[in-house]
Amino acid sequence: MGAKVPIILFVFVMLCALSLAIPSKRKPYAPCKNMVFYFHDIIYNGMNAANATSAIVAAPKGANLTKLAPQFHFGDMVVFDDPITLDNNLHSKPIGRAQGFYIYDTKNAFTAWFSFTIVLNSPYHEGTITLAGADPTVKRTRDLSVTGGTGDFFMHRGIATFITDTFQGDAYFRLRIEIKFFECW
Amino acid sequence: MGAKVPIILFVFVMLCALSLAIPSKRKPYAPCKNMVFYFHDIIYNGMNAANATSAIVAAPKGANLTKLAPQFHFGDMVVFDDPITLDNNLHSKPIGRAQGFYIYDTKNAFTAWFSFTIVLNSPYHEGTITLAGADPTVKRTRDLSVTGGTGDFFMHRGIATFITDTFQGDAYFRLRIEIKFFECW
Amino acid sequence: MGAKVPIILFVFVMLCALSLAIPSKRKPYAPCKNMVFYFHDIIYNGMNAANATSAIVAAPKGANLTKLAPQFHFGDMVVFDDPITLDNNLHSKPIGRAQGFYIYDTKNAFTAWFSFTIVLNSPYHEGTITLAGADPTVKRTRDLSVTGGTGDFFMHRGIATFITDTFQGDAYFRLRIEIKFFECW
């Protein structure tokens, strides 16, 4: 009788040791935090200095800085300080800014590459979220990487899904950005 | 006799508890995934629009956008959409694209700084790998950081080693990129 | 008597299993490594080629490459190869270089966005540290993300705090950079 209990225990201990030996699957694949933002971009065209939130600062040979380049804007680099809102209304009170840049990097499709930081400063959130990744706009959803965070997002990592919410030619576009954090600390 | 078994179990449990108390060394230092890619870059020189895969979009005072700057190209920013192949043949079918930019950032040596995403789209892999880091080309091997991934490379991190496989003046260079992931999820 | 020991063991095993089920808080919030660096930036103004450590390579419409743009330098992109020292003396022997770029990204405040790699090459440290994040210079301290590392900083992540140590108009600025690593491997 006294011998049977230790056998059950032995199994427990083995399972316990086994679960230690399987390394990575312990991390939860369900997000530890979710957020949804809207990102508004109004590019400077030479005449809208008051409203513009971004500007072309570099362009390939033959292109200029107030009109997006031909060939799918290939080579244009755009620096932005874009408002971030909680709903899809450009005129809602921003809860933060998205600061950084994107480049159009393909000659035969609208594909951009983003690298920027969302700086949140509201009663709800105080901190930064840094992202980078490719944005092939032909796909309905595009996943980028969240590579770091500070403040309320200290050491966070995760995935940011971009969805084009609307666009008006080259004048304005709005992204819905769904952030899923999988490492929250 | 019945007492001896529990003592052995006790040791097991203690070892088990101990391994929980040692925090970080559990992460494996052997890579959890390895990949080797070849990266091909043909810079736009004003006459090779059809073949070029990259273009100078920013340059320091006095330099232009169809010829790399003097002083080790210091200040040139190059946007690229470069094919990624599995072998070192430029004409092999690409398994993906490397999209992003590099800048030459030193006045007295050939040193670049890369920030880009490898977008894989093949029967073998679907997903993205985002990298950033310094590339001091005088060294035979250079380590950059893999800061994030999506799809098949969900939340991955690791090290990317760059090796110059060949170059033809300023017209073409090919990198061998060995990626070792140490965090795989 | 022989039954009591297994009960204690059972509690141990349960605690052990429980601690496996609590996922993330095990990571230590105290830094596993601390470093302090000074970052020196002398921007090229058209006349200081010998001393300059950085250069404007992109600027918005109407601005040029030897003078920072009006409107809080919005849109200027600066590529740098800046010396890193252990104390606040520009003339101390550098222990490494900071290589990458910053962009001024706000029209109504001095805010920059940095993305770069600290390349250390000294008897004390050999390796790289890659950072990215917003730098709203009006705040006394600004937190950026350390997104990766190589060599002595293999796979490290953490927070870098920027403090403006001094500045002389547009000619020179010095940052005190305090790096706290929270993931050290």
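Residues numbered from 1 in each chain as written. Chains lettered and ligands numbered in written order. Predicted model: local features only at pLDDT ≥ 70, side-chain atom pairs only at ≥ 80, totals over all residues.

Engineer: Could you give an account of the overall build of chain A, naming the residues involved and the relevant values?
Structural biologist: A count of helical and extended segments in chain A gives one helix and nine strands. Taken from the N to the C terminus, the helices and strands of chain A come in the order α-β-β-β-β-β-β-β-β-β. Long-range pairs, those at least 24 residues apart, make up 42% of the contacts in chain A with a sequence separation of at least 6. (Helix = DSSP H or I, 4+ residues; strand = E, 2+ residues; numbered from the N terminus. Contact = placed C-beta atoms within 7 Å.)

Engineer: Talk me through the environment of Ile42(C); I want residue IDs and the actual numbers.
Structural biologist: Residue and element names in this part refer to chain C. Inspection of the secondary structure puts Ile42 in strand E1 (residues 33-42). On a C-alpha basis, the gap between Ile42 and Phe181 in space is 28 Å, while along the polypeptide they are 139 residues apart. With residues near it in sequence (within four places) discarded, Ile42 still touches Asn48, Asn51, Ala52, Thr53, Ser54, Ala171 and Tyr172.

Engineer: Explain the nonpolar core to me, and be specific about the residues and the numbers.
Structural biologist: With 132 residues, the main nonpolar core has Val57(A), Val57(B) and Val57(C) as its most contacted residues. In this structure Val57(C) touches Ala58(B), Ala59(B), Pro60(B), Gly75(B), Met77(B), Leu65(C), Met77(C) and Val79(C), once residues within four positions along its chain are discounted. (Core = buried A, V, L, I, M, F, W, Y, C linked by C-beta atoms within 7 Å. Buried ≥ 20, exposed ≤ 12 C-beta atoms within 10 Å, placed from the backbone.)

Engineer: So, the confidence of the model for chain A: which residues are in play, and what are the values?
Structural biologist: Any segment with low pLDDT has predicted coordinates that should not be analysed in fine detail. Residue and element names in this part refer to chain A. Overall, the predicted model of chain A reaches an average pLDDT of 88, with 85% of residues at or above 70. Per-element confidence in chain A is highest for strand E7 (residues 141-151), whose mean pLDDT is 98, and lowest for helix H1 (residues 4-21), whose mean pLDDT is 53. Throughout residues 16-26 the model reports pLDDT below 50, and contacts reaching past four residues in sequence, or to other chains, amount to 11 contacts. This complex was scored by the predictor with a pTM of 0.85 and an ipTM of 0.83. (pLDDT = per-residue confidence, 0-100.)

Engineer: If you had to explain the pairing of strand E3 (residues 77-85) of chain A to someone new, which residues and values would you point to?
Structural biologist: All names here are of chain A. Burial within E3 is extensive, with eight of its nine residues counted as buried. Inspection of the sheet shows strand E1 (residues 33-42) paired to E3 by two bridges, in the antiparallel sense. Looking across to E3, one finds that Tyr38 is bridged to Thr85. Examined bridge by bridge, strand E2 (residues 54-58) and E3 share four bridges and lie antiparallel to one another. Bridge pairing in E3 places Ala58 opposite Met77. As defined by bridge partners, E3 adjoins strand E4 (residues 96-104) across eight bridges and the pair is classed as antiparallel. For Asp81, the partnering residue across the bridge sits in E4 and is Gln99. (Pairing = 2+ DSSP bridges.)

Engineer: Give a detailed account of the environment of Phe116(B), specifying residues and quantitative values.
Structural biologist: All names here are of chain B. For Phe116, the position within the fold is in strand E5 (residues 111-121). C-alpha separation for the pair Phe116 and Ala98, spaced 18 residues apart in sequence, amounts to 6.7 Å. Discounting residues that sit within four places of it in the chain, Phe116 has contacts with Ala98, Gln99, Gly100, Phe101 and Leu131.

Engineer: A description of the pairing of strand E5 (residues 111-121) of chain A should follow, citing residues and the corresponding values.
Structural biologist: Residues and elements named next belong to chain A. Burial analysis of E5 places 10 of its 11 residues in the buried class, the great majority of the element. Pairing between E4 and E5: nine bridges, direction antiparallel. The partner of Gly100 across the bridge, within E5, is Phe116. Between E4 and E5, which pair antiparallel one after the other, the connecting turn spans six residues.

Engineer: Now, about unusual backbone geometry: what can you tell me, with residues and values included?
Structural biologist: Only a minority of non-glycine residues have a phi that is not negative, and only a minority of peptide bonds are not trans. All names here are of chain C. For Phe72, which is not glycine, the phi torsion reads 60° and is therefore positive. Structurally, the position occupied by Phe72 is in the loop between strand E2 (54-58) and strand E3 (77-85). Of note in this structure, Trp185 is not a glycine but carries a positive phi near 55°. For Trp185, the position within the fold is in the segment after strand E9 (172-183). Here Trp185 falls in the partly exposed class, since 16 other C-beta atoms lie within 10 Å of it.

Engineer: Can you break down the environment of Gly149(C) residue by residue, with the values?
Structural biologist: All names here are of chain C. Mapped onto the elements, Gly149 comes out in strand E7 (residues 141-151). Judged by local crowding, Gly149 falls into the buried class, with 29 C-beta atoms found within 10 Å. Residues Gly149 and Ile118 lie 31 residues apart in sequence; the distance between their C-alpha atoms is 9.3 Å.

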